[in-house]
Amino acid sequence: MKKRKNVVNPEIEKFINDTIEQVKSDSTASLTDKMKILDRALKWEAIKLKAEDDAWGSGFLGNEEEEEG
């Protein structure tokens, strides 16, 4: 599986990392707030993995419907 390079915007990566650190150290942040930040970080990781994979989304260009009929 071929991987693309430099698909991650470093500003977004830094913002997410900074936000995680702020929420982790905030004693007044609720567990819900902390889990929301964690969920967003996990979603960002999933987006990065998809963006790095050249095969992701390539199935949309196929002619499967024409071949079946």
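I will try to describe carefully the structure that is included in this document. Keep in mind that what you see is a predicted model, and the values were worked out from it rather than measured. (Residues numbered from 1 in each chain as written. Predicted model: local features only at pLDDT ≥ 70, side-chain atom pairs only at ≥ 80, totals over all residues. Heavy atoms only, no water.)

Take the overall build of the protein chain next. Looking only at helices and strands, the protein chain has three helices and zero strands in total. Starting at the N terminus, the α and β elements of the protein chain follow one another as α-α-α. By the burial criterion, 14% of the 69 residues in the protein chain qualify as buried. Sequence separation of 24 or more characterises 68% of the internal contacts of the protein chain that already satisfy a separation of 6 or more. Surface accessibility of the protein chain: about 6,100 Å² in total, with carbon and sulfur atoms responsible for 55%. (Helix = DSSP H or I, 4+ residues; strand = E, 2+ residues; numbered from the N terminus. Buried < 20%, exposed > 50% of the residue type's maximum accessible area, 1.4 Å probe, protein only. Contact = heavy atoms within 4.5 Å. Areas by Shrake-Rupley, 256 points an atom, 1.4 Å probe, with all protein chains shown as cover.)

On to the packing of helix H1 (residues 10–25) against helix H2 (residues 31–52), then. Running from N to C, H1 and H2 point in directions that differ by 155 degrees, and their axes come no closer than 10 Å. Between H1 and H2, the angle falls in the class roughly antiparallel. The handedness of the crossing between H1 and H2 is left-handed. Here Ile12, Glu13, Ile16, Thr19, Ile20, Val23 and Lys24 of H1 lie close against H2, whose contacting residues are Asp33, Lys34, Ile37, Ala41, Trp44, Glu45 and Lys48. Taken together, the residues of the contact of H1 with H2 break down into seven nonpolar, one polar and six charged. (Axes fitted to C-alpha atoms, helices over the stretch in contact; angles between N-to-C directions. Parallel < 35°, antiparallel > 145°, perpendicular 65-115°, else oblique. Left-handed = near helix turned anticlockwise from the far one by under 90°. Nonpolar A, V, L, I, M, F, W, Y, C, P; charged D, E, K, R; others polar.)

Our next topic: H2. Since one α-helical turn is 3.6 residues long, residues separated by three or four positions face the same way. Helix length check: H2, at 22 residues, gives a terminal C-alpha distance of 32 Å against a target of 32 Å (1.5 Å per residue), a fit within 8%. Listing the buried residues of H2 in full gives Ile37, Ala41, Trp44 and Lys48. Taken end-on, H2 shows its buried residues confined to a sector of 55 degrees, consistent with a single buried face. Away from the buried face of H2 by more than 90 degrees, exposed residues Leu31, Thr32, Leu42 and Leu49 are located. Of the surrounding elements, those touching the buried residues of H2 are H1. (Expected span 1.5 Å × (residues − 1). Arc of directions from axis to C-beta.)

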